[in-house]
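# Architecture at a glance
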Amino acid sequence: MQRGLDSETKKQLEEEEKKIISDEHWYLDLPELKEKESFIIEEQSFLLCEDLLYGRMSFKGFNPEVEKLMLQMNAKNKTEEIEDETLELDVSDEEMARRYETLVGTVGKKFAKKRDRNKYEEDDNGHIKPFKAKKMFLKPQD
Amino acid sequence: MAEAAAVAAAQARAARSVLGQVVLPGEELLLPEQEDLEGPGGAGERPLRLNAGPRSRVRVVCGPGLRRCGDRLLVTKCGRLRHKEPGGGGGGGGGGGGGGGVYWVDSQQKRYVPVKGDHVIGIVTAKSGDIFKVDIGGSEPASLSYLAFEGATKRNRPNVQVGDLIYGQFVVANKDMEPEMVCIDSCGRANGMGVIGQDGLLFKVTLGLIRKLLAPDCEILQEIGKLYPLEIVFGMNGRIWVKAKTIQQTLILANILEACEHMTTDQRKEIFSRLAES
């Protein structure tokens, strides 16, 4: 007893179904319209045309908050002029380098294994001596 | 009859050649790229272009007073035609229109039409439920939600009464919908917007004067600032609010601002020098 349909008849049925479905779809029988890309954008706002200042103003300290706002907003509009003041450093570069030099040794000591700790010997001045080369096995030249 | 026909058949002019001149509604302007194509005649040799013409166009922004009409610009207001180059035109200002520049018509009018992004001064006329109705001088009152203030929540309502002055900006403003305004910016900060304080005087001027006063190099404001301590708020809808220490000073200020539209530079300087003396 054959249950179900053959694969052939199944295919035929599917095709017929698809045909019916696609026939039901509507489409416009018009020639293809080329969409013209418009290069002109319409804007009704004056903000884009003219650089206008911020609308709230205060002069001679009448309203200090508004004066602060004025500086803020007008600086945002124009390209900010980079001020020439260099940032004042609390610690000078040289001192920073010196501190770093000593720091590298002491922190490194913490994480070094016991055998490596003797590498971090200190000079008379308290500066860490430069690393000596590790003693490796030297192959005897024949 | 013949003249009317002649006027109607007037050639479209190149936008570049009309800069700074008065244009009338109905005129069509050619953009620079089209000028070359529709140039004198068509006869004669043309250099071969390796890239097809239309594809190498730049984006042009048409501002207030102009409309797009096919490939050309159609003038809708009478005034002078202006242009701004992209990227740094006019002394270091932020780029105008990004490639191709901006064209607009510098016209004069008293009636304000709401535009998105404009900062305006409004008067609260009604309080209905969750929104305020604010009169901004346009065809209909704008709506302002009570949540559109800095730090406002459902429990913490802003202290706004009928008759208060509000400085805010539009978020929705087109001819199909009721204008909506808010008193915060996109980050949620007030940036000077909100209820304008007590006292002071509100008066109306033309829209062109506001733009002239808010121009970056306005001498009038610089001179006014030297007179005495004062505060001014300019709304793009033609309203100005001023406040000074005494009523007399406030009134002088209002009179100057109203009158300076029609004064020449010399007359203005004379008035300021007289004021400075007194």
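In what follows, the accompanying structure is described. This structure is a prediction, so every number in the text was calculated from the model and none was measured.

### Details of the packing of aromatic side chains
The final tally for this structure, using the stated rule, is 3 aromatic pairs over all chains. Summarising the aromatic geometry, the rings of B:Phe132 and B:Phe149 are spaced 6.4 Å apart at their centres and angled 85 degrees between planes, so their arrangement reads as edge-to-face. One end of the pair, B:Phe132, is in strand E10 (residues 131-135); the other, B:Phe149, is in the loop between strand E11 (142-145) and strand E12 (165-172), with 17 residues separating them in the sequence. No difference in accessibility class separates B:Phe132 from B:Phe149, as the two residues are buried. Over the face of the ring belonging to B:Tyr146 we find B:Arg157, whose NZ or CZ atom lies 4.1 Å from the ring centre. Its end group placed over the ring of A:Phe46, B:Arg211 keeps NZ or CZ at 3.8 Å from the ring centre.

### Description of the side chain of A:Asn63
With respect to the helices, strands and loops of the structure, A:Asn63 is situated in the loop between strand E2 (56-59) and helix H2 (64-77). Its relative accessible area of 17% is what places A:Asn63 among the buried residues.

### Let's talk about the pairing of E10(B)
Residue and element names in this part refer to chain B. Side-chain alternation along E10 places Phe 132 and Val 134 on a buried face and Ile 131, Lys 133 and Asp 135 on a face that remains uncovered. Bridge count for strand E9 (residues 119-128) against E10 is 5 bridges, and the pairing is antiparallel. Looking at the pairing, Val 124 lines up with Val 134 of E10. Count of turn residues in the E9/E10 antiparallel hairpin: 2 residues, of which Gly 129 carries a positive phi of about 65 degrees. Between the end of E10 and the start of E11, which pair antiparallel, lie 6 residues, with Gly 137 showing a positive phi angle near 85 degrees.

### Comments concerning the sheet that holds strand E1 (residues 13-14) of chain B
All names here are of chain B. An order of E1-E3-E6-E5 is seen for the 4 strands of this open sheet, with the pairing classed as mixed. Looking along the sheet, the strands with just one partner apiece sit at the ends: E1 and strand E5 (66-69). Judged from the 2 bridges that link them, E1 and strand E3 (residues 28-30) form a sheet pairing that is parallel. Paired with Ala 14 across the bridge in E3 is Leu 30.

### Looking at the interface of chain A and chain B
The partner chain B presents 53 residues to the 32 residues of chain A that form the contact. Note on chain A versus chain B: buried area summed over both sides is about 3,900 Å², and carbon and sulfur give 59% of it. Between the two partners, chain A and chain B, sit 3 salt bridges. Linking B:Lys84 and A:Asp51 is a salt bridge whose minimum nitrogen-to-oxygen distance equals 3.8 Å. The tally of links between chain A and chain B comes to 14 residue pairs in polar contact (both at pLDDT 80 or more). Those elements giving two or more residues to the side of chain A that touches chain B turn out to be strand E1 (40-42), E2 and H2 of chain A. The leading source of residues in the side of chain A that touches chain B is H2(A), at 5 residues. Sheet topology places E2(A) next to strand E16 (residues 230-234) of chain B; 4 bridges connect them, and they run antiparallel. Looking at the pairing, A:Ser58 lines up with B:Glu231 of E16(B).

About the cut-offs
- Residues numbered from 1 in each chain as written.
- Chains lettered and ligands numbered in written order.
- Predicted model: local features only at pLDDT ≥ 70, side-chain atom pairs only at ≥ 80, totals over all residues.
- Heavy atoms only, no water.
- Phe/Tyr/Trp six-rings, centres within 6.5 Å; stacked < 30°, edge-to-face > 60°.
- Helix = DSSP H or I, 4+ residues; strand = E, 2+ residues; numbered from the N terminus.
- Buried < 20%, exposed > 50% of the residue type's maximum accessible area, 1.4 Å probe, protein only.
- Lys NZ or Arg CZ within 6 Å of the ring centre and 35° of its normal.
- Pairing = 2+ DSSP bridges.
- Contact = heavy atoms within 4.5 Å.
- Buried area = accessible area lost by both parts, 1.4 Å probe.
- Salt bridge = Lys/Arg side-chain N within 4 Å of Asp/Glu carboxyl O.
- Polar contact = N/O pair within 3.5 Å; in protein donor to acceptor, adjacent residues only side chain to side chain.

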